[in-house]
Amino acid sequence: MAGLTGRMSTVVKAKVSKLLDRAEDPAETLDYSYQKQVEQLQNVKKGIADVVTAKKRLQMQESSLQQSVVKLDTQARQALSSGNEELARTALERKNVAQTELQSLDTQVGELEEQQQKLTDSEQKLRAKIEAFRTKKEVIKAQYSAAEAQVRISEAATGVGEQMADVGLAMQRAVDKTENMKARADAVSELEAAGTFDDVTALGSGEDDIDRQLKQLSSSSAVDEELAKMKGEVGSGGGAAQISPGEAQPPSESGKA
Amino acid sequence: MIVRISGEDQYRLPDSDSQRLNELEGAVIAAVEGGDESAFAASLPALLEYVRSRGQPVPDDELESSDVILPPADVTLLEASGEFTGEGLIPD
């Protein structure tokens, strides 16, 4: 039983014995240990709160991106019906980026949800163990001689200590995940701040830069496809410029937006 | 024998299960040491499922220490092969 399980057991045992070394008097050990347990339970609660905060932030970003998607889709349609394919393409590129971000946010919110659930379950287990320890502590104090008490304390403390170590591990993993999500949320915020999902009809002269970057971010095949489809839907009533764009427009046309 | 699945529960298993448990764990360790992703993806769930199906969950208010501690179900091969120990809640 070397390998992973051995390593985990060793760490837990080492931690528990450190905890027991703190005090010499059994009664003192018990109270100290209990006090530590209660403190750590607070840490778990704080850990859960952090996960919830991170999740809420991602959810807010999701709803604002959803609005952008709807808005940009509408604008693409409007642009197409008034024959401005260039503007429609820009709107679809932005929509494409927004949708990609949305999907990844969705996955991450799901993951955080899962972490939150796990931590909540762990917290409940730890709380039950601590409560059992509290009861046992009073029994040990009342019934056992110092020598016997040491043994009983050690047993009880190891049981709780193991649960604490386990919850700690779960928390650490949740924190790692949450940190990753925060980085992701920051990245989306940056895109938003750069005007990536802004109104395309408000395009000014300084927007070229964003659009150049957007072209790299969005999948051009997906955009082409959607543009073609939208043309089919919108363009049936429109006139001339349907299958002719070919090479004619891109090079020097500056548009009249 | 008491086995803990980290992040889940403690289970009480008959001592006679320890040989089978050792075999199953051996497969996981071999996969980790060989860096074999697909063997790892098959052997870890097999080990954990064996414990869940054979064991009786230890009630939350019982203070027992485990004879064996197994990693959580969602541990990655990378984590398992690295320092998969965690800091725990007990301060150093």
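These numbers come from a predicted model, not from an experiment. (Residues numbered from 1 in each chain as written. Chains lettered and ligands numbered in written order. Predicted model: local features only at pLDDT ≥ 70, side-chain atom pairs only at ≥ 80, totals over all residues. Heavy atoms only, no water.)

1. Comments concerning the overall build of chain A
Across its full length, chain A holds six helices and zero strands. Across chain A, helices and strands are ordered from the amino to the carboxyl terminus as α-α-α-α-α-α. For chain A, the proportion of its 257 residues judged to be buried stands at 43%. Within chain A, contacts between residues at least 6 apart in sequence are counted, and of these 86% link residues at least 24 apart. Just so you have it, chain A exposes about 13,700 Å², and 50% of that area is on carbon and sulfur atoms. (Helix = DSSP H or I, 4+ residues; strand = E, 2+ residues; numbered from the N terminus. Buried < 20%, exposed > 50% of the residue type's maximum accessible area, 1.4 Å probe, protein only. Contact = heavy atoms within 4.5 Å. Areas by Shrake-Rupley, 256 points an atom, 1.4 Å probe, with all protein chains shown as cover.)

2. Things to note about the pattern of salt bridges
All names here are of chain A. One pass over the full model with this rule turns up 28 salt bridges over all chains. Residue E85 pairs with K231 through a salt bridge whose shortest N-O separation is 3.3 Å. Here the residue E85 occupies a position in helix α3 (residues 85-143), and K231 occupies one in helix α6 (residues 220-235), the gap between them amounting to 146 residues. The pair formed by E85 and K231 is uniform in burial state, with each residue classed as buried. Through salt bridges with shared partners, a single network forms among D73, R77, K95, E226 and E233. (Salt bridge = Lys/Arg side-chain N within 4 Å of Asp/Glu carboxyl O.)

3. Digging into the layout of surface pockets
By volume, the second largest pocket amounts to about 270 Å³. If you go around the second largest pocket, you meet 19 residues; those closest to its centre are K118(A), A170(A), S6(B), G7(B) and E8(B). If one sorts the elements of the lining of the second largest pocket by residue count, α3(A) sits on top with seven residues. Residue composition of the lining of the second largest pocket, by class: four nonpolar, six polar and nine charged. (1 Å grid on protein atoms, 1.4 Å probe; cavity = no way out; pocket = protein on both sides within 12 Å on 5 of 7 lines; lining within 4 Å. Points joined across faces, edges and corners; volume = space filled by probe spheres on them. Nonpolar A, V, L, I, M, F, W, Y, C, P; charged D, E, K, R; others polar.)

4. Looking at empty space enclosed by the protein
Counted under the stated rule, the structure contains three cavities of 30 Å³ or more. Surrounding the second largest cavity, K125(A), K129(A), Q163(A), R4(B), D9(B), Q10(B), V58(B) and D60(B) form its lining.

5. Things to note about the confidence of the model for chain B
Residues and elements named next belong to chain B. Looking at chain B as a whole, the pLDDT averages 84, with 88% of positions reaching at least 70. Confidence drops under a pLDDT of 50 for residues 83-92, and excluding neighbours within four residues, the segment shows 40 contacts in the predicted structure. As a predicted assembly, this complex carries a pTM of 0.72 together with an ipTM value of 0.78. (pLDDT = per-residue confidence, 0-100.)

6. Some words on the environment of T74(A)
Residue and element names in this part refer to chain A. Assignment of secondary structure puts T74 in helix α2 (residues 26-81). Owing to a relative accessible area of 37%, T74 belongs among the partly exposed residues under this scheme. C-alpha of T74 to C-alpha of G47: the two residues are 27 residues apart in sequence and 41 Å apart in space.

7. Here's the deal with the side chain of D9(B)
Looking at the secondary structure, you find D9(B) in the loop between β1 (2-5) and β2 (10-12). A polar contact is formed between the side chain of D9(B) and the side chain of K125(A), at a distance of 3.2 Å. Aside from chain neighbours lying at most four places away, what touches D9(B) is K125(A), V3(B), R4(B), V58(B) and D60(B). (Polar contact = N/O pair within 3.5 Å; in protein donor to acceptor, adjacent residues only side chain to side chain.)

8. Some points on the confidence of the model for chain A
Residues and elements named next belong to chain A. Of the residues in chain A, 75% reach a pLDDT of 70 or more, and the chain-wide mean stands at 78. Across chain A, the element-wise mean pLDDT spans from 61 in helix α5 (residues 208-217) up to 90 in α3. Taken as a whole, residues 238-257 scores under 50 in pLDDT and shows five contacts with residues more than four places along the chain or in a different chain.

9. A word on the nonpolar core
Generally speaking, a soluble globular protein has its nonpolar side chains buried in company with each other. By size, the foremost hydrophobic cluster in this structure holds 38 residues, and its most contacted members are L58(A), L65(A), L119(A), L126(A) and F133(A). Those elements that place two or more of their residues in this core are α2, α3 and α4 (146-193) of chain A. For this core, the element with the highest residue contribution is α4(A), accounting for 14 residues. For L119(A), the residues in contact, after removing those within four places along its chain, are V44(A), G47(A), I48(A), V51(A), A170(A), M171(A) and A174(A). Core analysis: the second largest hydrophobic core is formed by 21 residues, Y11(B), V32(B), Y50(B) and A80(B) among them. (Core = buried A, V, L, I, M, F, W, Y, C linked by side-chain atoms within 4.5 Å.)

10. Observations concerning the pairing of β1(B)
All names here are of chain B. Of the two faces of β1, both are covered, the one formed by I2 and R4 as well as the one formed by V3 and I5. Summarising the sheet, β1 and β2 pair through three bridges and their orientation is antiparallel. Bridge pairing links I2 to R12 in β2. Here β1 folds back onto β2, and the loop between the two strands holds four residues, one of which, G7, carries a positive phi near 80°. Alignment of β1 against strand β4 (residues 68-70), held across three bridges, turns out to be parallel. For I5, the partnering residue across the bridge sits in β4 and is L70. (Pairing = 2+ DSSP bridges.)

11. Quick word on the sheet that holds β4(B)
Backbone hydrogen bonds hold the strands of a sheet together, and the pairing may be parallel or antiparallel. Taken in spatial order, the four strands of this open sheet run β3-β2-β1-β4 (chain B), and their pairing is mixed. The outermost strands of the open sheet, each flanked by one partner alone, are β3 (56-57) and β4 of chain B.

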